[in-house]
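This is what each chain is made of:
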Amino acid sequence: MTARVVFEKASRWYGPVMALNDVSFELGPGVYGLLGPNGAGKSSLLKLASGQLRPSQGSVRLLGRPAFGSPDVFHSVGLCSDTDALFEDFTGLQFVMALLSLNGFDRATSEKLAIEAIETVDLKDAMHRKVGGYSKGMRQRIKLAQSLAHKPEVLFLDEPLTGMDPQNRKRISDLMKRLGDEGRTVLVSTHILHELEQVTQRVLLIHNGRVLAEGNLREIRDLLDRHPRSVRLQARDPRGLARELVGLPDLVSLNMEDATGHLVAEIRKPDAFFSRVQELAAVHGVQEMWVTDENLESVFSYLVSK
Amino acid sequence: METERPATRPTWAAAQDVFAISIERMLPRPRSFWVFLLMAMPVVFGILLRIYPPRDLPLTGFELYGMVVALFFVRNLLPLVALLFGSALISDAVDSKTLTYFLTRPVSRLSIFIGEFMAYLVTVMTLTVPCVVLTYIVLSVGTPQGAGFGATHLVQDLAACALTLFTYGALFALLGVSLKKPLIPGLLFLFVWEGFVANFPGDAPNYTLTAYARSLIRHRPAEEGLAELFSKFFGVGESVFVLGSVGVISLVLATWIFSRREYVISS
């Protein structure tokens, strides 16, 4: 295995708070999931991996060089961060082109690569609109486009599917899988197990700043399926959608929030539920779907105690 | 799917690319609009003066222009503008969480800083030059001395404005990368140190920037009162040397700090 990302006994503190503790692993080509509950240290790990932070102890190497202070490696590295930050006055195309120009591509090549990446995330129709007017899902997709436009060997994706509708979740999941199959290294951070299952079985489990294991996703999944999970849906026709969903097996409860009009479903085995939502997405105008997975914390606590 | 990768990016080329992005983001900001309105005040004042000329004004239009450049622009407004823009050079990108986009591209931090600073200079000069030129035109054209009188001074004044913006901008950029909240220390520096010490007797003004900056505007009429008694003026060469040196040293230090600092940008 050609190790492209290497953590060696890496720790990181923010003042007295330990965000990562003695983490060691190596990543070669393929897709890896970085799975852990909120606050587990996923973002810190990605920030170290992508050279935004230096380790307090140990080392983090990216493509054979120290990740922090080696800007040259970013010719071959892409990052889709978890922050909702864009150049608000730029159009989608300008935004991706501007960042490609930092990689040293000339204008014509930047434009070609930018359009290619924007097409990949299905935003071509909106690429001449200012990103400040994009919906949450579109913002997420343009962030993804900039991260992969220069065709990096290593791609870090921090919660990449947040705020996307079911069709685009599927599209981006397929894309991640394809990138892994092409031999790229893709590290996807998420607290949503279902998102990972669609693209990889290799997963780094992180909890309280420690990587517990390169876990077996199936085992984690079985544990999770014992805990009902909460899924929030935003749709044009929530009542119609609710009528269609209400008879599904393993649906524990289904409520409509008065304040937001969102549907909140408690489910046990999510596969059938997600597939059904995908089928109904167009008819009932499903705009966004969030899996809140509060119970992941309890599953991880269980794993730690095992 | 592989694309031919460009070689290591030269600092200057990368800085130009950072500049191209930053200038598009810096110029259209509300901050630029409000600063432009402030800078345009002397133009409005000049127009009113031409429409309603006072009977016993002891100054010619050109002398009045000299005072405006020396006192309003170089002494007060430009250092303040430099504080607003310079101290926010990197912190704006941190606050808007867009710094990550620069830090995860194959550009050195030196390039990022140079690009941002160039964008600052171009932005503030774009706001300053039209206002100074219009002030000159409004106040001196059509007066007995006639249009074109003191045009050489106008060019020198613009150079003095540029140097003032460069030096203060670099100093406040240093403050911006060193401190989390640079605005208050910056204001204290401007209004306490620069405001008072420059008018102290003896060698005290040697340790202020404003004494050197005001020495670059040589054509203004004499100030009256105590300030004139104590004001110290330096030669143009000395002033340019001191201001330039402070600017360059501040930039080097700011770049050094920026290159080593970590920025924890979280959602």
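The rules we used
- Residues numbered from 1 in each chain as written.
- Chains lettered and ligands numbered in written order.
- Predicted model: local features only at pLDDT ≥ 70, side-chain atom pairs only at ≥ 80, totals over all residues.
- Helix = DSSP H or I, 4+ residues; strand = E, 2+ residues; numbered from the N terminus.
- Rg over C-alpha atoms; globule rule 2.2 N^0.38 Å.
- Buried ≥ 20, exposed ≤ 12 C-beta atoms within 10 Å, placed from the backbone.
- Pairing = 2+ DSSP bridges.
- Axes fitted to C-alpha atoms, helices over the stretch in contact; angles between N-to-C directions.
- Contact = placed C-beta atoms within 7 Å.
- Parallel < 35°, antiparallel > 145°, perpendicular 65-115°, else oblique.
- Nonpolar A, V, L, I, M, F, W, Y, C, P; charged D, E, K, R; others polar.
- Core = buried A, V, L, I, M, F, W, Y, C linked by C-beta atoms within 7 Å.
- Right-handed = clockwise from strand over helix to strand, strands pointing away.

Asks: Quick one: what's the story with the overall build of chain A, residue by residue and with numbers?
Replies: The number of helices and strands found in chain A is ten helices and 14 strands. The C-alpha radius of gyration computed for chain A amounts to 20 Å, which stays within 12% of the reference 19 Å derived for 306 residues, consistent with globular compactness. Across its three principal directions, the C-alpha atoms of chain A cover 55 × 50 × 35 Å. Looking at chain A as a whole, 49% of its 306 residues qualify as buried.

Asks: Before we move on, can you summarise the sheet that holds strand β12 (residues 251-256) of chain A with the specific residues and values?
Replies: Paired through backbone hydrogen bonds, the strands of a sheet run either parallel or antiparallel to each other. Residues and elements named next belong to chain A. Taken in spatial order, the four strands of this open sheet run β12-β13-β11-β14, and their pairing is antiparallel. Strands with a single pairing partner mark the edges of an open sheet, and in this sheet they are β12 and β14 (286-291). Mean inter-strand twist for the sheet, computed between neighbouring axes without regard to direction, equals 20°. Bridge analysis of β12 against strand β13 (residues 263-267) gives five bridges, and the strand direction is antiparallel. By the bridge assignment for β13, Met 256 is matched with Leu 263.

Asks: How would you sum up the environment of Pro 160 of chain A? Please name residues and give values.
Replies: Residue and element names in this part refer to chain A. The residue Pro 160 is located in the loop between β7 (154-158) and α5 (166-181) in this model. Judged by the 26 C-beta atoms lying within 10 Å of it, Pro 160 falls in the buried class. Sequence separation between Pro 160 and Asp 82 is 78 residues; the distance between their C-alpha atoms is 7.4 Å. Those residues within four positions of Pro 160 in sequence are excluded, and the remaining contacts are Cys 80, Gln 140, Leu 144, Ile 172 and Val 188.

Asks: I'd like to hear about the packing of helix α2 (residues 30-39) of chain B against helix α4 (residues 61-86) of chain B, residue by residue, with values.
Replies: Residue and element names in this part refer to chain B. One can describe the packing of α2 onto α4 by two numbers: an axis separation of 11 Å at closest approach and a directional angle of 175°. Taken together, the axis directions place α2 and α4 in an arrangement best described as roughly antiparallel. Only Leu 77, Val 81 and Leu 84 of α4 make contact with α2, whose side of the interface consists of Arg 31, Val 35, Leu 38 and Met 39. Among the residues making up the contact of α2 with α4, the classes are represented as six nonpolar, no polar and one charged.

Asks: Describe the pairing of strand β11 (residues 229-235) of chain A, listing the residues and the values that go with them.
Replies: All names here are of chain A. Of the two faces of β11, only the one carrying Arg 229, Val 231, Leu 233 and Ala 235 is buried; Ser 230, Arg 232 and Gln 234 on the other face are not. Here β11 runs beside β13; their pairing, made up of five bridges, is antiparallel. The partner of Arg 229 across the bridge, within β13, is Ile 267. Here β11 runs beside β14; their pairing, made up of five bridges, is antiparallel. What sits directly across from Leu 233, in β14, is Met 289.

Asks: Describe the nonpolar core, and please don't skip the residues or the numbers.
Replies: Ranked by size, the top nonpolar core spans 161 residues in total, and within it Ala 49, Val 96 and Ala 145 of chain A carry the most contacts. Those residues in contact with Ala 145 of chain A that lie beyond four places of it in its chain are Val 96, Ala 117, Ile 118, Thr 120, Val 121 and Leu 123 of chain A.

Asks: Describe in detail the interface of chain B and chain A, supporting the description with residues and values.
Replies: Every contact between the two is made by 30 residues of chain B and, on the other side, 31 residues of chain A. Considering each element in turn, the side of chain B that touches chain A owes the most residues, six residues, to helix α1 (residues 11-26) of chain B. A per-class count over the side of chain B that touches chain A returns 13 nonpolar, nine polar and eight charged.

Asks: For the sheet that holds strand β5 (residues 65-66) of chain A, give the residues involved together with the corresponding values.
Replies: All names here are of chain A. If you walk across this open sheet you meet the four strands as β2-β1-β4-β5, and the pairing is antiparallel. In the strand order of this sheet, the two ends are held by β2 (17-27) and β5, each with one partner. When strand β1 (residues 5-14) meets β2, the two strands line up antiparallel, connected through seven bridges. From the neighbouring strand, Arg 12 faces β2, where its bridge partner is Leu 20. Against the sheet, helix α1 (residues 42-49) makes contact with β1, β2 and β4 (57-62), and its axis sits at roughly 60° relative to β2, the strand it touches most.

Asks: So, the pairing of strand β8 (residues 185-190) of chain A: which residues are in play, and what are the values?
Replies: All names here are of chain A. Taking burial as the measure, the six residues of β8 include six buried ones, the bulk of the element. Across the two faces of β8 the burial is the same, with Thr 185, Leu 187 and Ser 189 and Val 186, Val 188 and Thr 190 all buried. Bridge analysis of strand β3 (residues 30-35) against β8 gives six bridges, and the strand direction is parallel. Bridging across to β8, Leu 35 finds its partner in Thr 190. Here five bridges tie β7 to β8, and the two strands are oriented parallel to one another. By the bridge assignment for β8, Val 154 is matched with Thr 185. In the classification by handedness, the crossover that spans β7, the intervening α5 and the parallel β8 is right-handed.

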